[in-house]
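Geometric and topological summary
Each chain, written out:
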Amino acid sequence: MPSFQDALALMEAWTESESLRRHMRAVEVAMRAYARRFGQDEELWAMAGVLHDMDYEKYPEAHPYRGVEELRRLGYPEEVLEAILGHASHTGVPRKSLMAKALFAMDEPTGLITAAVYVRPDRSILGLELPSLMKKFKDKAFAKGVNREEIKMGAQDLGVPLEEHMAFVLAAMKENAELLGLA
């Protein structure tokens, strides 16, 4: 089975955009944190996070199918592939596993958190607090591309109250602020 380092190298080979790379790393760190919380395989969950959008830049019309096809060819576990397929609502692939539910639940919140950091005067996540983040969540004009309904559905499917989920993802991203370029 490929290692996390293999997955990271693959993501970097397929993705030129620094912002998309940072997004996938943000999802990875949130997946790692939830894997620890739920007693799951952290490396496996991190792979799903870091690879979930690997084909988005090169094959937007075939996302996530093209990436999953390559991952299958390279021997990645089916659980990771199913989670990646399920994170994109348009595929219609049901999110059955806890990993798949978690991946779906991480995608949109990481984008909202990153957007909230970018409008801060210091552009640092370290001072971003939950009340401010939830205010941004409720402001439909802020980060319009972030699907609030998917955030709510993701937290619900994961069995975590919305504010607790947002606080958890925020904390995971804060712990990795340097890696994510958000310090």
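To start, this report covers the structure provided alongside it.

Quick notes on the rules
Per chain, residue numbering runs from 1 following the sequence as it is written. Whole-chain, interface and lining totals are the exception, using all residues; otherwise, since this is a predicted model, local features are given only for residues with pLDDT of at least 70 and side-chain atom pairs are given and counted only at 80 or more. Side-chain figures throughout are based on the complete set of non-hydrogen atoms in the structure, without hydrogens or water. Nonpolar core, defined: a set of buried Ala, Val, Leu, Ile, Met, Phe, Trp, Tyr and Cys residues in which side-chain atoms within 4.5 Å join the residues together. For every residue, the accessible area obtained with a 1.4 Å probe (protein chains only) is divided by the maximum for its type, and the residue is called buried under 20%, exposed over 50%, and partly exposed between those limits. Numbering goes from the N terminus for both helices and strands, where a helix is a DSSP run of H or I of at least four residues and a strand is a run of E of at least two. The contact criterion used is simple: two residues touch if any of their non-hydrogen atoms lie within 4.5 Å. Fitted lines through C-alpha atoms give the axes, limited to the stretch in contact for helices. The angle between two N-to-C directions lies from 0 to 180 degrees. If an angle is under 35 degrees, it is roughly parallel; if it is over 145, roughly antiparallel; if it lies from 65 to 115, roughly perpendicular; otherwise it is oblique. Gly falls in the polar group here, along with every residue not listed as nonpolar (Ala, Val, Leu, Ile, Met, Phe, Trp, Tyr, Cys, Pro) or charged (Asp, Glu, Lys, Arg). Salt bridges, as used here, are contacts in which a Lys or Arg side-chain nitrogen is within 4 Å of a carboxyl oxygen on Asp or Glu. Residues adjacent in sequence count toward polar contacts only when both atoms are side-chain atoms; beyond that, a polar contact is any pair of N or O atoms within 3.5 Å, and within protein one must be able to donate a hydrogen and the other to accept it.

**A look at the nonpolar core**
- Met 31, Leu 51, Met 106 and Met 173 are the most contacted members of the largest nonpolar core, which has 59 residues in total.
- Broken down by element, the residue count for this core peaks at 10 residues, all from helix H6 (residues 98-118).
- Setting aside anything within four residues of it in sequence, one finds Met 31 in contact with Trp 45, Ala 48, Gly 49, Met 99, Ala 102, Leu 103 and Met 106.

**What about the packing of helix H8 (residues 148-158) against helix H9 (residues 162-175)?**
- Viewed as axis vectors pointing N to C, H8 and H9 meet at an angle of 95 degrees, and their least axial separation amounts to 9 Å. Relative to H9, H8 is oriented roughly perpendicular. On H9, the residues that touch Ile 151, Lys 152, Ala 155 and Leu 158 of H8 are Leu 162, His 165 and Met 166.
- The class makeup of the residues in the contact of H8 with H9 is five nonpolar, one polar and one charged.

**Re the pattern of salt bridges**
- Applying the stated criterion across every chain yields a total of 13 salt bridges.
- In this structure, Arg 22 and Glu 18 form a salt bridge, with 3.6 Å as the shortest nitrogen-oxygen distance. One end of the pair is Arg 22 and the other is Glu 18, both in helix H2 (residues 18-38) and four residues apart, which spans about a single turn.
- The exposure class of Arg 22 is partly exposed, given its relative accessible area of 30%.
- Note on Glu 18: relative accessible area 44%, which makes it partly exposed.
- Taking the shortest distance from any N to any O, the salt bridge between Glu 70 and Arg 73 comes out at 2.7 Å. Of this pair, Glu 70 and Arg 73 both sit in helix H4 (residues 65-73), three residues apart, which is roughly one turn of that helix.
- Using a relative accessible area of 12% as the deciding quantity, one classes Glu 70 as buried.

**Quick word on the side chain of Ser 124**
- You can see Ser 124 is positioned in the loop between H6 and helix H7 (130-138).
- Separated by 3.1 Å, the side chain of Ser 124 and the backbone nitrogen of Leu 126 make a polar contact.
- Residue contacts for Ser 124: discarding those within four places in its chain leaves Val 117, Leu 182 and Ala 183.

**So, unusual backbone geometry**
- For the bond from His 63 to Pro 64, the omega torsion is 0 degrees, close enough to zero to count as cis.
- By the secondary structure assignment, Pro 64 is in the loop between helix H3 (42-51) and H4.
- Phi angles above zero are rare outside glycine, and Ala 143 is one such case at about 45 degrees.
- Relative to the elements of secondary structure, Ala 143 occurs in the loop between H7 and H8.
- Since its relative accessible area comes to 22%, Ala 143 is described here as partly exposed.

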